[in-house]
Amino acid sequence: MALSAPTRPALVRARVAVYGLFLLSGMAIGTWTSRIPAIKADLRLSDGALSLGLLGIAVGAITGMQIVGRLVDRYGSYRTMLPVALAQGVVLVLPAYAPNLVTLAFALFVFGAVHGTLDVAMNANAVVVERAYGRPILSSFHAVFSVGGFAGASTGGLFAHADVSPALTFASVGVVILLVALLSARWALRDAPPARTAPAAPVTPSGSGPARRRVSGGVLFLGVLAFCCLVGEGASADWGSVYLRDNLGSSPGFAAAAYAAFSIMMTAGRFAGDRLAAWLGPVTLVRCCGVLAGAGLAAGILADRPVAGVVAFGLFGAGLSCIIPQVFSAAGHRDPAQSGRALAAVASLGYTGFLTGPVLIGGLAEAVTLPHALLVPALLALFVALAAPAVRAPRREPTDQAPVTLTPPQTP
């Protein structure tokens, strides 16, 4: 049955609702990272022990991403994302009450699982809203996530400066997250589960029942592109400042400007990304951004000067800024009937790149030098530029679009 298209005011409210989800997700991560030193001191953990505890977030996030794809495809992104958005405000508090390393690792596993689940579900709903808009808007959501991360880190820093405990810090931000989640629930678009409207599933050759649909090779290749980009993002976060301080001899304060330039330019690029995607098209945008990221980082490293290093990481951030939103958009639109699984696969591969990137760069730096190792993310960005046609939207008949229904009318 054909469903009426959302009205313009309803679409605007739906977009604001997804902004809220990306904001609260970034706030949760930013707040947690800002209080890691306090948690470490309270539990008297060594650097090695803390790193083991932090693995809980990574394992939890990847675990959540493996589960949420099927939930989104079965129940719709609306029904999946709102419970975990509310849970994000609750599980943020858990690490503050961990009495030892084992319970901390478990608390962080739960936190990571909720965060990974929300990441896929809110991106799936963002794709639904983008489909209803009929033009690129996904990049701005990712920009708001960066804003949320900055807001959470700044808030946590202020609480730390005031000598407020991590528990009170997390509880305070958790209340804000709960309020934002509840407000988002009032305005979010409800997508009908695709399984209810899709054609009958194909049967297996033996006739024993429906064949299990698998993520396509095209989607997995999009995940490879996400992996390449997030290797560079993880490497910039962990090695940019080290490169300026140890290899170029800059002061600690100036060395910190490397990641600051990367983050600022990435956020700015994502705010401009939707207009650029509408103007250039996703393929041309990804191609240009990959060249900017790869050539900018490589040229700055080869220049071998502190200022050039800061500019290089700024250009690298600007180049990477628009690629991941286009990759996620392409994955979500490729097959609306299994957009959840597609986004989960892409997000999992991308997150794996973010986690392994710093380790890979560190290992290469031992074998060669750090400047040479940092050329690897530049080469990966150039590879993404060459593979840009992978983000081209497939041609579909209008009947292939996933249906969208509205929440009951609400007053702003």
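Scroll up to find the structure this text is about.
To keep things clear, this report deals only with the structure shown in the data block.

Each value, and the rule that gives it
Residues numbered from 1 in each chain as written. Predicted model: local features only at pLDDT ≥ 70, side-chain atom pairs only at ≥ 80, totals over all residues. Heavy atoms only, no water. Helix = DSSP H or I, 4+ residues; strand = E, 2+ residues; numbered from the N terminus. Buried < 20%, exposed > 50% of the residue type's maximum accessible area, 1.4 Å probe, protein only. Contact = heavy atoms within 4.5 Å. Axes fitted to C-alpha atoms, helices over the stretch in contact; angles between N-to-C directions. Parallel < 35°, antiparallel > 145°, perpendicular 65-115°, else oblique. Left-handed = near helix turned anticlockwise from the far one by under 90°. Nonpolar A, V, L, I, M, F, W, Y, C, P; charged D, E, K, R; others polar. Core = buried A, V, L, I, M, F, W, Y, C linked by side-chain atoms within 4.5 Å. Expected span 1.5 Å × (residues − 1). Salt bridge = Lys/Arg side-chain N within 4 Å of Asp/Glu carboxyl O. Patch = residues over 30% accessible without salt bridge, like charges linked within 9 Å, V, L, I, M, F, W, Y side chains within 5 Å. Areas by Shrake-Rupley, 256 points an atom, 1.4 Å probe, with all protein chains shown as cover. Disulfide = S-S within 2.5 Å.

**Looking at the overall build of the protein**
Counting its secondary structure elements, the protein contains 16 helices and 2 strands. Residues classed as buried in the protein amount to 52% of the 412 residues present. In the protein, the share of contacts with a sequence separation of at least 24, taken over all contacts with a separation of at least 6, comes to 85%.

**Thoughts on the environment of Y75**
Take Y75: it is sitting in helix 3 (residues 47-75). Assessed through its relative accessible area of 35%, Y75 is described here as partly exposed. Between the C-alpha atoms of Y75 and A192, which are 117 residues apart in sequence, the distance is 7.5 Å.

**With respect to the packing of helix 3 against helix 14 (residues 339-367)**
Running from N to C, helix 3 and helix 14 point in directions that differ by 165 degrees, and their axes come no closer than 7 Å. It follows from the interaxial angle that helix 3 and helix 14 lie roughly antiparallel. Here the hand of the crossing between helix 3 and helix 14 comes out left-handed. Side by side, helix 3 and helix 14 meet where I57, A58, A61, I62, M65, Q66, G69, R70, V72 and D73 of the first sit next to S339, G340, R341, A344, A347, S348, Y351, T352 and L355 of the second. Residues belonging to the contact of helix 3 with helix 14 are distributed by class as follows: 10 nonpolar, 6 polar and 3 charged.

**Re the nonpolar core**
By size, the foremost hydrophobic cluster in this structure holds 110 residues, and its most contacted members are W32 and L222. Non-local contacts of L222, meaning those with residues more than four positions away in its chain, are made with V327, A330, A331, R334, V346, A390 and V391.

**Some points on helix 12 (residues 306-321)**
Along its 16 residues, helix 12 runs 23 Å from first to last C-alpha, staying within 8% of the 22 Å computed at 1.5 Å per residue. Counting buried residues along helix 12, 12 of its 16 residues qualify, which places the element largely inside the surrounding structure. Buried within helix 12 are the following residues: A308, G309, V310, A312, F313, G314, F316, G317, A318, G319, L320 and S321. Contacts made by the buried residues of helix 12 are with helix 8 (217-247), helix 9 (252-255), helix 10 (257-280), helix 11 (282-303), helix 13 (323-334) and helix 16 (375-386).

**Looking at the packing of helix 6 (residues 138-161) against helix 10**
Contact geometry for helix 6 and helix 10: axes closest at 6 Å, N-to-C directions at 155 degrees. By the angle between their axes, helix 6 is roughly antiparallel relative to helix 10. Judged by the twist between their axes, the crossing of helix 6 over helix 10 is left-handed. Listed contacts from helix 10 to L138, S139, S140, H142, A143, S146 and V147 of helix 6 are T267, G269, R270, F271, G273 and D274. Tallied by class, the residues present in the contact of helix 6 with helix 10 amount to 4 nonpolar, 7 polar and 2 charged.

**Here we look at the pattern of salt bridges**
When the charged atoms of two side chains with opposite charge come close together, those side chains can pair. Tallying each qualifying case throughout the model produces 3 salt bridges. Salt-bridge contacts for D73 lead to R341; the nearest nitrogen and oxygen are separated by 2.8 Å. Taken together, the positions of D73 in helix 3 and R341 in helix 14 put the pair 268 residues apart, joining distant regions of the chain. Note on D73: relative accessible area 4%, which makes it buried. Ionic pairing is found between D246 and R245, a salt bridge with its closest N-O pair at 3.4 Å.

**Considerations on a nonpolar patch on the surface**
A cluster of nonpolar side chains, namely F254, L292, V307, V311 and L315, defines an oily patch on the protein surface of about 390 Å² accessible area. At 3 residues, helix 12 tops the list of elements feeding residues into the nonpolar patch. Within the secondary structure layout, L315 lies in helix 12. A relative accessible area of 31% places L315 in the partly exposed class.

**Re the state of the cysteines**
Going through the model one piece at a time under the given rule, you end up with 0 disulfides. Note on C322: no disulfide assigned, nearest cysteine sulfur contributed by C289 at a separation of 4.3 Å.

**Describing the environment of F383**
Inspection of the secondary structure assignment puts F383 in helix 16. Taking the C-alpha atoms as reference points, F383 and V291, 92 residues apart in sequence, are found 8.9 Å from one another. Filtering out sequence-adjacent residues up to four positions away, F383 remains in contact with F221, V224, L225 and C228.

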